[in-house]
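Commentary on secondary and tertiary structure
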Amino acid sequence: MQRTGWGRLALATALVSSLGAGTALAETLRLSHNTGDGTTWHQGAERFGELLAERTEGEMALRVFPNAQLAGGDQMRQADMVGRGALDFVMTSAINVTPLVQEMAVFSLPYLYENYAQVDATTADGGPADALRDILREKGIEVLAWGENGFREVTNNTRPIRSPEDMRGLNMRVAGPMYIDVMNALGANPQQMQWTETMTALQQGVVDGQENPIGAVIIPQQVYEVQSHLTAWHYSYDPIFLGMSREKFDAYDADTQAMLREVAAEAMDYQRQITREGTETGIAFLREKGMEVYEPTPEELEAFRTATQPAFDEWAKRVGPDLVASFREAIAQAD
């Protein structure tokens with residue numbers, strides 16, 4: 001039986017009269033995300049909760065759990081939990097869902113994107129990312145809106161990275177299976193690791209470096225305190241998405257579903273904006289904090305692109321040539 005959206009307010013009022021004014025009637029929903037409470041991920045999640053409460057006049061409340069707490073710190077499990085209906089919402093990055101839906105790796109293919117206009121062309125309504133919404137829906141996850149982790153940059157404590165040869169032998173923390181192949185192609189030693197374990201691993205020298213976006217992770221998670229070198233090589237892009245249990249979503253009427261999409265889109269627009277603002281000023285900030293930041297020339301970027309082409313080709317086969325072609329077509333039209 002479907003829930004009747006705002007009609008529940010009348011029922012709530014009646015229950016308050018019969019049970020007493022102190023009775024809590026709000027439906028409390030839970031959202032889990034990967035990173036700490038100082039990140040743009042968390043700010044976007046909190047904004048979603050604020051908007052949800054406003055639009056429902058307090059009938060829906062949201063609790064936000066950072067650092068994948070509800071999944072025991074395992075950021076890969078969160079999407080599976082939402083798909084099974086064990087969790088209401090997840091905010092996670094595309095690359096973290098590849099064990100469940102390998103097609104999600106299409107976003108992060110090395111050097112697929114060059115700028116934000118190309119990114120936005122693929123994630124806009126009616127764009128090629130809609131095919132991924134359909135796939136995730138089959139896995140029990142309703143994608144409400146896309147947000148942004150960003151272009152991933154490489155940091156380390158050993159040496160400046162100016163060429164593929166500089167990556168050789170470095171022990172690099174990576175987030176997902178595609179990045180293992182990318183790092184292998186560059187001659188590095190990849191170690192897949194939960195983000196909750198990464199800062200300690202960097203501090204203790206278990207790994208030499210990592211790769212993540214500046215505005216969404218490197219600055220708010222204070223990676224600059226444990227890493228001395230950064231190369232802005234923009235080698236891979238990673239979106240995040242706000243997903244909901246399909247079972248939960250389908251239990252609401254059409255008006256409530258539309259409201260959830262609208263509120264999620266507004267929250268993720270905000271999250272994307274503050275992430276890009278943080279990235280824009282991030283290079284100067286990191287230099288002020290003492291990091292040595294290197295910005296490769298076009299020729300140096302081409303060398304990285306050539307070195308990672310085998311990983312691109314392998315993962316393009318896995319995600320599907322037609323899907324990759326649709327992304328490339330949207331990107332070409334954005335130029």
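Residues numbered from 1 in each chain as written. Predicted model: local features only at pLDDT ≥ 70, side-chain atom pairs only at ≥ 80, totals over all residues. Heavy atoms only, no water.

Per an unreviewed UniProt entry, the recorded name for the protein is DctP family TRAP transporter solute-binding subunit, and the organism is Paracoccus liaowanqingii. The UniProt entry for the protein carries the following text under Sequence similarities (unreviewed entry): "Belongs to the bacterial solute-binding protein 7 family." Check the Subcellular location (unreviewed entry) section of the UniProt entry for the protein; it says "Periplasm". (UniProt positions renumbered as here; feature names shortened; annotations may be inferred.)

Before going further, it helps to spend a moment on the packing of helix H2 (residues 40–55) against helix H10 (residues 254–280). When two helices pack together, their arrangement is given by the angle between their axes and by how far apart the axes lie. It is at 8 Å that the axes of H2 and H10 come closest, and there the two elements cross at 150°. Considering how the two elements wind past one another, H2 and H10 form a crossing that is right-handed. Contacts between H2 and H10 involve Thr40, Trp41, Gln43, Gly44, Arg47, Phe48, Leu51, Leu52 and Arg55 from the former and Met259, Leu260, Glu262, Val263, Ala264, Glu266, Ala267, Met268, Tyr270, Gln271, Ile274 and Thr275 from the latter. Split by residue class, the contact of H2 with H10 holds 12 nonpolar, 5 polar and 4 charged. (Axes fitted to C-alpha atoms, helices over the stretch in contact; angles between N-to-C directions. Helix = DSSP H or I, 4+ residues; strand = E, 2+ residues; numbered from the N terminus. Left-handed = near helix turned anticlockwise from the far one by under 90°. Contact = heavy atoms within 4.5 Å. Nonpolar A, V, L, I, M, F, W, Y, C, P; charged D, E, K, R; others polar.)

Let's shift gears to the pattern of salt bridges. Inspection of the entire model under this criterion finds 22 salt bridges. When the shortest N-O distance is used, the salt bridge between lysine 248 and glutamate 27 registers 3.2 Å. Of this pair, lysine 248 sits in helix H9 (residues 246–250) while glutamate 27 is found in strand S1 (residues 27–33), placing the two residues 221 residues apart along the sequence. A salt bridge links arginine 84 to aspartate 80, with the nearest nitrogen and oxygen atoms 3.0 Å apart. Here aspartate 80 falls in the partly exposed class, since its relative accessible area comes to 35%. Bridged by salt links that share partners, the residues Asp134, Arg137, Glu142 and Arg261 form one connected network. (Salt bridge = Lys/Arg side-chain N within 4 Å of Asp/Glu carboxyl O. Buried < 20%, exposed > 50% of the residue type's maximum accessible area, 1.4 Å probe, protein only.)

Attention now goes to the nonpolar core. With 54 residues, the main nonpolar core has Met104, Phe107, Met167 and Trp233 as its most contacted residues. When neighbours within four sequence positions are excluded, methionine 104 is seen to be in contact with Ala94, Val97, Thr98, Leu132, Leu136, Trp146 and Phe241. The next biggest cluster of nonpolar side chains, apart from the first, holds 44 residues, and it includes Leu144, Met199, Ile218 and Val263. (Core = buried A, V, L, I, M, F, W, Y, C linked by side-chain atoms within 4.5 Å.)

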